[in-house]
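Chains, contacts and geometry: an overview
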Amino acid sequence: MVYLISACLLGLPCRYDGRVREVSPAVERLAKEHTLIPVCPEVLGGLPTPRPPAERQGERIVNAEGVDVTAAYRRGAEEVLRLCRHHGADGVILKDMSPSCGTNGIYDGSFTRTRVPGLGVTAELLLSAGVTVLDEGGAPPPRKEK
Ligand code: SF4
């Protein structure tokens, strides 16, 4: 199967701090079984690397310098959805806790590393478009209680 995947999970240096993340055994396993296409919504949205960290504050994304970067985050999310359709991908595997990619929770917008339930803006857009989203372990995110 073909999946788009958060590029930082494959060890690409696109994280906000420019650091490379070690590829996890779960992602190595996914890479053996499937074709993985790396995408970084924040870079696709036009943001540089490194960049100030940002967090969701409701519908807005604000960085640690107080700048509203919502437009870039939304642009990146749209671009990932477009690429997903372009490649006919079976789904998208996303990095946990990111304000773009988070599926199993996000930080609460206070820049105190406080975790709360919620989705990154890319995860949210993909799920609302009916795309299969998997977390970085290859599992679907928990369903929202109605
Ligand atoms: S936006 Fe997603 S792919 Fe890009 S660095 Fe953040 S978690 Fe990784």
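As a reminder, the structure under discussion sits directly above these lines.
First, a word on scope: everything that follows refers to the structure included in this document. Since this is a predicted model, take the numbers as computed values, not measurements. (Residues numbered from 1 in each chain as written. Predicted model: local features only at pLDDT ≥ 70, side-chain atom pairs only at ≥ 80, totals over all residues. Heavy atoms only, no water.)

Considerations on the sheet that holds strand 1 (residues 2-6)
Pairing is parallel across the open sheet formed by four strands, whose spatial order is 2-1-5-8. Strands at the two margins of the open sheet, each flanked by one partner only, are strand 2 (35-39) and strand 8 (133-134). (Pairing = 2+ DSSP bridges. Helix = DSSP H or I, 4+ residues; strand = E, 2+ residues; numbered from the N terminus.)

Describing the site of the ligand
By nearness alone, 14 residues border the ligand, and Cys8, Cys40, Glu42, Ser98 and Cys101 come closest of all. Here the shell around the ligand is built from residues that sort into seven nonpolar, three polar and four charged. (Near = heavy atom within 4 Å. Nonpolar A, V, L, I, M, F, W, Y, C, P; charged D, E, K, R; others polar.)

Some details on the environment of Arg82
With respect to the helices, strands and loops of the structure, Arg82 is situated in helix 3 (residues 70-86). Separated by 44 residues in the primary sequence, Arg82 and Leu126 have C-alpha atoms spaced 10.0 Å apart. Separated by 2.7 Å, the side chains of Arg82 and Glu79 make a polar contact. (Polar contact = N/O pair within 3.5 Å; in protein donor to acceptor, adjacent residues only side chain to side chain.)

A word on the packing of helix 3 against helix 4 (residues 121-128)
The interhelical angle for the contact between helix 3 and helix 4, taken along N-to-C directions, is 40 degrees, at an axis separation of 9 Å. Comparing their axes, helix 4 and helix 3 come out oblique. Of the two elements, helix 3 crosses helix 4, and the hand of that crossing is right-handed. Contacts between helix 3 and helix 4 involve Tyr73, Arg74, Gly76, Ala77, Glu78, Val80 and Leu81 from the former and Val121, Thr122, Leu125 and Leu126 from the latter. Of the residues contributing to the contact of helix 3 with helix 4, the split by class is seven nonpolar, two polar and two charged. (Axes fitted to C-alpha atoms, helices over the stretch in contact; angles between N-to-C directions. Parallel < 35°, antiparallel > 145°, perpendicular 65-115°, else oblique. Left-handed = near helix turned anticlockwise from the far one by under 90°. Contact = heavy atoms within 4.5 Å.)

Remarks on the pairing of strand 2
Where strand 1 lies against strand 2, five bridges are found, and the strand directions are parallel. Among the inter-strand pairings, Val2 is bridged to a residue of strand 2, identified as Thr35. A crossover links strand 1 with its parallel partner strand 2, the connecting element being helix 1 (residues 25-33), and its sense is right-handed. (Right-handed = clockwise from strand over helix to strand, strands pointing away.)

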